[in-house]
Amino acid sequence: MTRHLLIAVHLHADGMGTARYHGMHQGAPEWPPAPARIFQAMVAGVARGHNLPEPVVPGLRWLEALPPPVIAAPRHTVGQAVALYVPNNDADAVADPSDVSSIRTAKQVQPSLFNAAQPLLYAWRLPEGDCPEQAMVDSAHAVYQLGRGVDMAWADARVLPEDELQTVLLHYRGIVHQPSSDTRAGRNLPCPMPGALDSLVLRHRAPRLRVEGVGKKARVLFTNAPKPRFASVSYAPSRRLALYDLRAHGTTKPWPWPWPQHRAAALVENVRDAAADRLRQALPDAAEAIERSLIGRAADGSGGVPLAQRVHIVPLPSIGSVHADQAIRRVLVEIPGGCPLAAEDLDWAFSGLQAIDGDTGEVAPWMLTRSDQAVMLAHYTVPSQHWQSVTPLALPEAAARRRIDPARHKDAAEAKRADERLAEEGRAVAAVHRALRHAGVPALAVQVRVQREPFTAHGKRSEPFAEGSRFAKERLWHVALCFDRPVSGPLAIGDGRFLGLGVLAPSNRVAGLLTDPAAWTGAVSDGIAVVQLAEGAAGAPPELALDLARALRRAVMARVSDVLGSSARAALNAYFSGHASDSTAPDAEPSRHLAFHWDGPRQRWVVLAPHRLERRHAFAREREHLVVLQQALQGLTDLRAGAAGRHAVQTGVLARGDDPLLAAASVWESVTPYDVTRHRRKASATEALAADVLAECMRCHLPRPQVTVLSACGVPGRGLQARLRLAFPTPIAGPVALGRSSLLGGGLFAGIGALAVPAMDSDSAD
């Protein structure tokens, strides 16, 4: 039977029963406390000076090699931020110790407040076989603080089988956080990894002072200790799924009650309101939480309730067979980890629920009963790259179709032309991308198709679903999606996702979409094209990167002209050259054209589409341009680069998983020099470069990095150039190209792998 090491950490409380945790990570309050915190606290607790007792070392080494643990943390609030002014670790820099005020620096302190009766839980899954359980338990008992020195704590540990651990987590009055392989699924927290114990020992033993200079010029300087080695792991609050059947009450019929699929919104409203009334009667003190979690309104009647607190009621039409009638016989209740209502209370509210029919005002002829049949639920949760709507999406008003008066639908003047229909669909596709982002779907939709007709034989058009809802029928669209990687369900997106609309189901084959992403137009369909030197061809020096990038740009423009001919050449030229013949053309925007780069370390050219650099979804017309680019690159075998020589080439494909230009990494270094976009006055070269890079990262929707200037110089005719290292707070995926020349050979970056996360401000680290 699978076993788990469960460590419970208790923090001391004040007179009001409130515990405070002062840990900060990356400038913000850290919650939940990272697994690296408890590991550091265990090491600090068992250490005796520079030495670690031999009996506990095997347990600590075993613990650092285990997979990331499950974390259960109580609900918390953030306290008031206070700035403390403390010496900046260099008191020896002043001659008079009483003059310490001249070297003070501000340190932000903002505690996290929570109920001290609720411990923090960390559950590590133990592998099969023998393991030093007692050594890990003894190390946990030695804990005396967690985080900073003011956070006094104690801990206990025990080994539990799988079923007992699940019982503990089920009844835990807090939020359970699960580790995820997706870096975008939640907040990244440092976790122990092989080598973490040795890095902490090295950090403790490292000298803190060094002597610089000799004789009278000798100075004693403070030296930062080496950073501990931890892995960055994404954690997301877990959710609980409860499935219920619609059963006819007062009868012995074994099958569920069928509800018309086009009245999904009415069903959700009936169930939601009935469950809310039931909870208000049983829990009068929780009226505000019920209003926020079930209805989705704040106490003052306004919206804006965080998604982590919303209970999601999802109707599940019957699917899985071509003969399924898609009537609604089951309702899924999704309870997020941050919901203020207990899962047991919500389960009681929905079990045996009899709603009021909104049309007749009478008790509905069905009731909700807890279902133990997960077959239908599996049809909505299986991971897949291809998804299609079962109930249509409700998109914003800006994505609505133009309404035609039914009395004039035969009038030729009211008919929609092809360009108007295309524009409507384009707005709807853009709205779908926004809806995916708002719903927190952690994948990129590389293909989107919108229509009013259903994708299955027994589905219904989008218009009937407006009945009983607050959405006009012109705002409803059926959608087919293809993601860049498999996504797990259940999925519901759009403005009506909390009212039963926008429910998606996996599909092995969606009409109008390619079923195999590898069968798209090569790597170009993903916004990246590669041209490699042919086998045996002589390489090119890195100082000719700009000439090589310009050579490929000229070749692409010439070959695109051959593909398009004279009729469409002018309209599409701006996407490839960056210069529009008509300044009023939509492609005249300076950033909406291809970027050409020479990747010297790997001896290849890389063509990057603007939507990849700007981290957005490609527009419909941009996808058409990529098809033209693919056709233009086919058959390219010879490239003349002027002073850079003549090269035999061939088209290639990037391996997205491990390619340095695409793989997710926290640290990125220059492949080609970075050119500043603006020369700032009264600033050093380092300050100007750092400010310029931060502005470029903001423009490209990148997080704020720590900028390290590796080298910098002024180049006649081009200005300030530099090679940089960018350290982002979380791993990001490429490509990354920044600066004034980022569209033509400059400012290209490559990831250098996942490095240790920055050290946390913890007294127990020593």
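Below you will find a few notes about this structure. (Residues numbered from 1 in each chain as written. Predicted model: local features only at pLDDT ≥ 70, side-chain atom pairs only at ≥ 80, totals over all residues. Heavy atoms only, no water.)

## Comments concerning the pairing of strand 24 (residues 476-487)
Part 1 of the reasoning: Along strand 24, nine of the 12 residues are buried, which leaves the element largely enclosed by surrounding structure.
Part 2 of the reasoning: In this sheet, strand 24 lies alongside strand 21 (residues 384-389) in antiparallel orientation, the contact comprising four bridges. Across the sheet, the residue bridging to histidine 386 is cysteine 482, located in strand 24.
Part 3 of the reasoning: Examined bridge by bridge, strand 22 (residues 393-394) and strand 24 share two bridges and lie antiparallel to one another. Its bridge partner lying in strand 24, alanine 394 is registered against leucine 476.
Part 4 of the reasoning: Note: strand 23 (residues 445-451) against strand 24, six bridges, orientation antiparallel. By the bridge assignment for strand 24, valine 448 is matched with leucine 481. (Buried < 20%, exposed > 50% of the residue type's maximum accessible area, 1.4 Å probe, protein only. Helix = DSSP H or I, 4+ residues; strand = E, 2+ residues; numbered from the N terminus. Pairing = 2+ DSSP bridges.)

## Notes on the environment of leucine 6
Part 1 of the reasoning: Here leucine 6 lies in strand 1 (residues 3-11).
Part 2 of the reasoning: Separated by 154 residues in the primary sequence, leucine 6 and leucine 160 have C-alpha atoms spaced 7.0 Å apart.
Part 3 of the reasoning: Residues within four places of leucine 6 in sequence aside, it is in contact with Leu121, Tyr122, Ala123, Asp156, Ala157, Arg158, Leu160, Leu165 and Val168. (Contact = heavy atoms within 4.5 Å.)

## Re the sheet that holds strand 9 (residues 112-115)
Part 1 of the reasoning: Within the open sheet, the three strands sit side by side as 2-9-6. Their pairing is antiparallel. Among the strands making up the open sheet, the edge pair consists of strand 2 (18-21) and strand 6 (76-78). Shown here is a sheet whose adjacent strand axes are inclined to one another by a mean of 30°, direction ignored.
Part 2 of the reasoning: Judged from the three bridges that link them, strand 6 and strand 9 form a sheet pairing that is antiparallel. Looking at the pairing, valine 78 lines up with serine 112 of strand 9. (Axes fitted to C-alpha atoms, helices over the stretch in contact; angles between N-to-C directions.)

## Topic: a nonpolar patch on the surface
Part 1 of the reasoning: On the surface, Leu209, Val211, Val220 and Phe222 cluster together to form a nonpolar patch covering roughly 360 Å² of accessible area.
Part 2 of the reasoning: If you list the elements that add at least two residues to the nonpolar patch, you get strand 14 (209-212) and strand 15 (219-222).
Part 3 of the reasoning: Positionally, phenylalanine 222 belongs in strand 15.
Part 4 of the reasoning: Overall, the relative accessible area of 33% leaves phenylalanine 222 in the partly exposed class. (Patch = residues over 30% accessible without salt bridge, like charges linked within 9 Å, V, L, I, M, F, W, Y side chains within 5 Å. Areas by Shrake-Rupley, 256 points an atom, 1.4 Å probe, with all protein chains shown as cover. Salt bridge = Lys/Arg side-chain N within 4 Å of Asp/Glu carboxyl O.)

## As for the pattern of salt bridges
Opposite charge on two side chains makes pairing possible when the charged atoms of those side chains draw close.
Part 1 of the reasoning: Going through the model one piece at a time under the given rule, you end up with 20 salt bridges.
Part 2 of the reasoning: When the shortest N-O distance is used, the salt bridge between arginine 37 and glutamate 30 registers 2.9 Å. The residues arginine 37 and glutamate 30 share a single accessibility class, namely buried.
Part 3 of the reasoning: Here aspartate 325 and arginine 329 are joined by a salt bridge, their closest N and O atoms 2.9 Å apart.
Part 4 of the reasoning: Residues joined in a network through salt bridges with shared partners are Asp245, Arg247 and Arg330.

## A closer look at the nonpolar core
Part 1 of the reasoning: Among the nonpolar cores identified, the biggest contains 46 residues, and Leu5, Ile7, Val9, Leu11, Ile38, Phe39 and Leu146 are the most heavily contacted of them.
Part 2 of the reasoning: Not counting residues up to four positions away in its chain, the partners in contact with valine 9 are Ile38, Pro119, Leu120, Tyr122, Leu146, Ala153, Trp154 and Ala155. (Core = buried A, V, L, I, M, F, W, Y, C linked by side-chain atoms within 4.5 Å.)

## Things to note about the pairing of strand 27 (residues 528-533)
Part 1 of the reasoning: In terms of burial, strand 27 is a largely internal element, five of the six residues being buried.
Part 2 of the reasoning: The sheet contact formed by strand 27 and strand 29 (residues 604-608) spans five bridges and is antiparallel. Each residue of the ladder has a partner; that of alanine 529, found in strand 29, is valine 607.

## Thoughts on the packing of aromatic side chains
What characterises a pair of aromatic rings is the spacing of the ring centres plus the angle enclosed by the ring planes.
Part 1 of the reasoning: Enumeration over the complete set of coordinates arrives at six aromatic pairs.
Part 2 of the reasoning: Ring centres of tyrosine 122 and tryptophan 124 lie 6.3 Å apart, and the angle between their planes is 25°; on these two criteria the pair is classed as stacked.
Part 3 of the reasoning: You can call tryptophan 124 buried: its relative accessible area is 1%.
Part 4 of the reasoning: By way of ring pairs, the aromatic residues Tyr21, Trp31 and Phe114 are connected into one cluster.
Part 5 of the reasoning: Positioned over the ring face of tyrosine 244 is arginine 370, at 5.5 Å from the centre of the ring.
Part 6 of the reasoning: Directly above the ring of tryptophan 477 sits arginine 401, whose terminal nitrogen or CZ lies 4.8 Å from the centroid. (Phe/Tyr/Trp six-rings, centres within 6.5 Å; stacked < 30°, edge-to-face > 60°. Lys NZ or Arg CZ within 6 Å of the ring centre and 35° of its normal.)

## Observations concerning the sheet that holds strand 5 (residues 70-73)
Part 1 of the reasoning: One open sheet holds the seven strands; their spatial order is 11-1-10-5-12-16-13, and the pairing between them is antiparallel. The open sheet is flanked by strand 11 (153-161) and strand 13 (187-191), the only strands paired with a single partner. Between one strand axis and the next, the sheet turns through 30° on average, direction left out of account.
Part 2 of the reasoning: Contacts from helix 1 (residues 35-46) reach strand 1, strand 5, strand 10 (120-126), strand 13 and strand 16 (231-237) within the one sheet, and its direction differs from that of strand 13 by about 20°.
Part 3 of the reasoning: Relative to strand 11, helix 3 (residues 133-141) is tilted by about 155°, and along the sheet it contacts strand 1, strand 10 and strand 11.

So yeah, pure geometry; function would need other evidence.
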